[in-house]
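Below are the chains, spelled out letter by letter.
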Amino acid sequence: MILQALNDYYRRKCDDPDPAQRLPDFGIETKEIPFILDLSAEGDLLQIRDTREPQGKRKVAQAFRVPMGVKKTSGVAANLLWDTLEYVLGVDTKGKPERVAEQHAAFRARIAALPATAQADAGAMAVQRFLQRFDPSALQSHPAWAEMLEANPLLSFRLHGDVELVCQRPAVVQAALNTATDDDAPQAMCLVTGAVAPVERLHAAIKGVWGAQTSGANIVSFNARAFESYGKTERQGENAPVGRAAAFAYTTALNHLLRKDSRQRIQVGDASTVFWAERDSDFETALADIFGDPPKDDPDRGKEAVHALLGAIHSGKLAGPEGETRFHVLGLAPNAARISVRFYHCLPLRDLGRRIAQHFHDLALVRGPHDAPYPSLFRLLTAVALQGKADNIPPSLGGAIVDAVLGGENTPYPRLWLNAAVGRCRAEQQVTYARAAALKACLNRQIRLHPREEKEFLPMLDPDNTHPAYRLGRLFAVLEKAQEEASPGLNATIRDRYYGAASSTPVAVFTTLLRLKNAHLKKLSPGRAQWFEKLLGEVLAPVADFPAHLTLPNQGRFALGYYHQRQDFFSKKPDTPTNDPTPGDAA
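Residue numbers run consecutively from 1 along every chain, following the written order of its sequence. The predicted origin of the model limits local features to residues at a pLDDT of at least 70 and limits the giving and counting of side-chain atom pairs to 80 or more, whereas totals for whole chains, interfaces and linings rest on all residues. Each side-chain value is worked out from all heavy atoms of the structure, with water and hydrogens disregarded.

Student: Please provide a residue-by-residue account of the environment of Ala 247, values included.
Tutor: In this description a helix means any DSSP run of H or I spanning at least four residues, a strand means any run of E spanning at least two, and both kinds are numbered starting from the N terminus. As for its position among the elements, Ala 247 is in helix H9 (residues 244-257). Spatially, the C-alpha atoms of Ala 247 and Val 70 are 13 Å apart, while their sequence positions differ by 177 residues. Ignoring anything within four residues of it in the chain, the contact list for Ala 247 reads Glu 200, His 203 and Val 242. By definition, residues are in contact when any of their heavy atoms lie within 4.5 Å.

Student: So, helix H3 (residues 97-112): which residues are in play, and what are the values?
Tutor: An ideal rise of 1.5 Å per residue puts 22 Å on 16 residues; H3 measures up with 22 Å between its terminal C-alpha atoms. Throughout this description, buried means an accessible area under 20% of the type-specific maximum (1.4 Å probe, protein chains only), exposed means over 50%, and partly exposed covers the range between. Three or more residues of H3 are buried, namely Val 100, Gln 103, His 104, Phe 107 and Ile 111. Down the axis of H3, the buried side of the element spans an arc of 95°, and every buried residue falls inside it. Multiplying 1.5 Å by the helix residue count minus one yields the expected span of that helix. Think of it as the arc spanned by the lines of direction from the helix axis to the C-beta atoms.

Student: Account for the layout of surface pockets, with residues named and values stated.
Tutor: Computed from the structure, the second largest pocket encloses a volume of approximately 510 Å³. In the cavity and pocket records, a cavity denotes points on a 1 Å grid over the protein atoms alone where a 1.4 Å probe fits but cannot get out, a pocket denotes an open set with protein on both sides within 12 Å along at least 5 of 7 lines, and lining residues are residues with an atom within 4 Å of a point. Along the walls of the second largest pocket sit 22 residues, with Asp 293, Pro 294, Pro 299, Ala 372 and Arg 379 positioned nearest its centre. Within the residue set of the lining of the second largest pocket, elements represented by two or more residues are helix H10 (286-291), helix H11 (301-315), helix H13 (377-383) and helix H16 (433-449). For the lining of the second largest pocket, the element with the highest residue contribution is H11, accounting for three residues. Residue polarity is assigned by list, with Asp, Glu, Lys and Arg as charged and Ala, Val, Leu, Ile, Met, Phe, Trp, Tyr, Cys and Pro as nonpolar; anything else, Gly included, falls into the polar class. Its residues assigned to classes, the lining of the second largest pocket shows twelve nonpolar, four polar and six charged. Grid points are joined across faces, edges and corners, and a volume is the space filled by probe spheres set on the points.

Student: Could you give me a rundown of the sheet that holds strand E13 (residues 326-335), with the residues and numbers involved?
Tutor: Strand order in this open sheet of four strands is E11-E12-E13-E14, and the pairing throughout is antiparallel. Each edge of the open sheet is held by one strand with a lone partner, namely strand E11 (265-268) and strand E14 (338-348). Neighbour-to-neighbour, the strand axes of the sheet open up by a mean angle of 20°, direction not taken into account. Geometry is summarised by axes, namely lines fitted to C-alpha atoms with helices restricted to the contacting stretch, and by angles between N-to-C directions that run from 0 to 180 degrees. Sitting on the sheet, H9 is in contact with E11, strand E12 (271-277) and E13, with an inclination near 110° to E12. Contacting E11, E13 and E14, helix H14 (residues 397-407) runs over the sheet at an angle of about 20° to E14. By the convention used here, strands pair only if DSSP detects at least 2 bridges between them.

Student: Now, about the sheet that holds strand E8 (residues 154-159): what can you tell me, with residues and values included?
Tutor: Pairing is mixed in the open sheet, where four strands are placed in the order E3-E2-E8-E7. Of all the strands in the sheet, the pair left with one neighbour each is strand E3 (45-50) and strand E7 (82-84). Across the sheet, the mean angle from the axis of one strand to that of its neighbour is 30°, orientation sign disregarded. Sheet analysis places strand E2 (residues 35-39) next to E3, joined by five bridges and oriented antiparallel. Considered in E3, the bridge of Phe 35 is made with Asp 50. Contacts between helix H5 (residues 122-132) and the sheet are confined to E2, E3 and E8, with E8 contributing the most and set at about 120° to the helix.

Student: Got a sec to walk through the side chain of Ser 503? Specific residues and values, please.
Tutor: Examined against the element boundaries, Ser 503 turns out to sit in helix H18 (residues 494-504). Using a relative accessible area of 1% as the deciding quantity, one classes Ser 503 as buried. Within polar-contact distance, the side chain of Ser 503 engages the backbone oxygen of Gly 500 at 3.1 Å. Apart from the residues within four sequence positions on either side, Ser 503 is in contact with Arg 426, Leu 550, Gln 555 and Phe 558. Any pair of N or O atoms that falls within 3.5 Å is considered a polar contact. Within protein, one atom must be able to donate a hydrogen and the other to accept it, and sequence-neighbouring residues count only if both atoms are side-chain atoms.

Student: I'd like a rundown of the environment of Ala 427, residues and numbers included.
Tutor: One can find Ala 427 in helix H15 (residues 415-428). Overall, the relative accessible area of 45% leaves Ala 427 in the partly exposed class. Along the primary structure Ala 427 and Pro 506 are separated by 79 residues, whereas in three dimensions their C-alpha atoms are 17 Å apart.

Student: Which residues make up the pattern of salt bridges, and what values do they have?
Tutor: Definition used for salt bridges: Asp or Glu carboxyl oxygen within 4 Å of a side-chain nitrogen of Lys or Arg. In total, this model carries 29 salt bridges according to the counting rule given. Linking Asp 16 and Lys 13 is a salt bridge whose minimum nitrogen-to-oxygen distance equals 2.6 Å. On the basis of relative accessible area, Lys 13 is assigned to the buried category, the value being 6%. The residue Arg 566 makes a salt bridge to Glu 484 at a minimum N-O spacing of 3.1 Å. One end of the pair, Arg 566, is in helix H21 (residues 552-568); the other, Glu 484, is in helix H17 (residues 468-486), with 82 residues separating them in the sequence. Residue class for Glu 484 comes out partly exposed when judged on its relative accessible area of 25%. Shared partners join several salt bridges into a network, and the residues in it are Glu 480, Glu 484, Arg 495, Asp 496 and Arg 566.

So this is what it looks like as structure tokens:
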């Protein structure tokens, strides 16, 4: 299913009207080539052009469409008219002269094997003349030569006066496509297209998956006899027969989606996540803005993307044909030399929109003016990570959250998310907006599975919620507020000293806190003290006794009750004494 969807996406992008987004035809791939050897028609080297341009702290080479590269293994295999410095010029960079000589010979043999029509091409003739009389000492004065010897970069050729490379000249490209099929390749039914075709023995590497090998990794591969079919030992392509055209299509499409500047990928924990539609859609790039962290130069991009999606749902736009467009969401994670599929969803845009809307509905919470109304996934993850650092996010948590979002409203969020949010609240004695939103979302989805036992939490304070843990969280917030008003400017409140114990073992803490609150209320005006006494009575009314211990879910309810009550203090109540100071406008 995944490979078929990627194959279909490749076919669509081959006809993309935008040349920058158009994918190369079968037998052609896009490669970043740092250095181009500019040759005259007689084969003289005129210059070495450095195609790299600075991007941040590194240099990025220009990308060119070149004949499909061969799968590099432990043996010697040369690409057609482009390859590394050792292959192209035969210059040893690693102290292995014999192997380099063999590589250079293979590179020249690949050119010599071209048909007569390509051999007669002016560009191919210039390359062959250059190689026949090339002298490495002539390049030692070039400014980039030392860097080239150290990096062994990719090289290619260009005929002076041409815009395209020699390997892009029509005669060479046609010859490369015609000779791309190996006559010895076995024929089998392709598992992707269903047609009988030559089987690709080794699939092209997938690059861009965070944490995988920089040289790329594979989705379809076999690394042990136990995974191979009977009688097909060490014949990888026949164990999972995929036609050459289909293998090229899905690998090219996936590498296109995973490129660094792609608007159709985000990093979700350790899962590199890509998404695409079965046909052109305005929402094809919106998921990156919805789930990804907005760029610094456009902080409102995520909010605008969510507004657009919710607007399309409410206006009925997704009730028409566009709502039937199927979207694919694929999460890939590194696994040694291979890539594992962390999650995959394929669903109509109508259902996708509803599930994303439900996700933000579950997160909806009363907040301060500087808190984002639709927190990004990255912000939610760093809020529950140690020291708020991305490096400390549990590796599989992000993927599990996205999996739950796309699974629908009755799919529970990972328990690890709830546990991590509770743990950070206890460790830092602080219930932030993002942590409270995570707790509310996790708890509501758990409650949704058993709706008769408990009602869902509201975005704001719910005076009718009588759950003991929620009431104790509210009680703790009231006691802290009384202390703050009684002793303004304290360096540490009861939250800094008692939050962890109060949220886990209430019976050991609240008797002490209730005794201390009497001293605090004596410092307040009679009207204010009476208001606090009345509020304490309302909060404690349904609580028969203080529990000895609270489970982790109940500690989440405690934190949510504390957050709701704290936020509620920042809205003026009708029965609040008007002659007493009231809090500001934001938490």
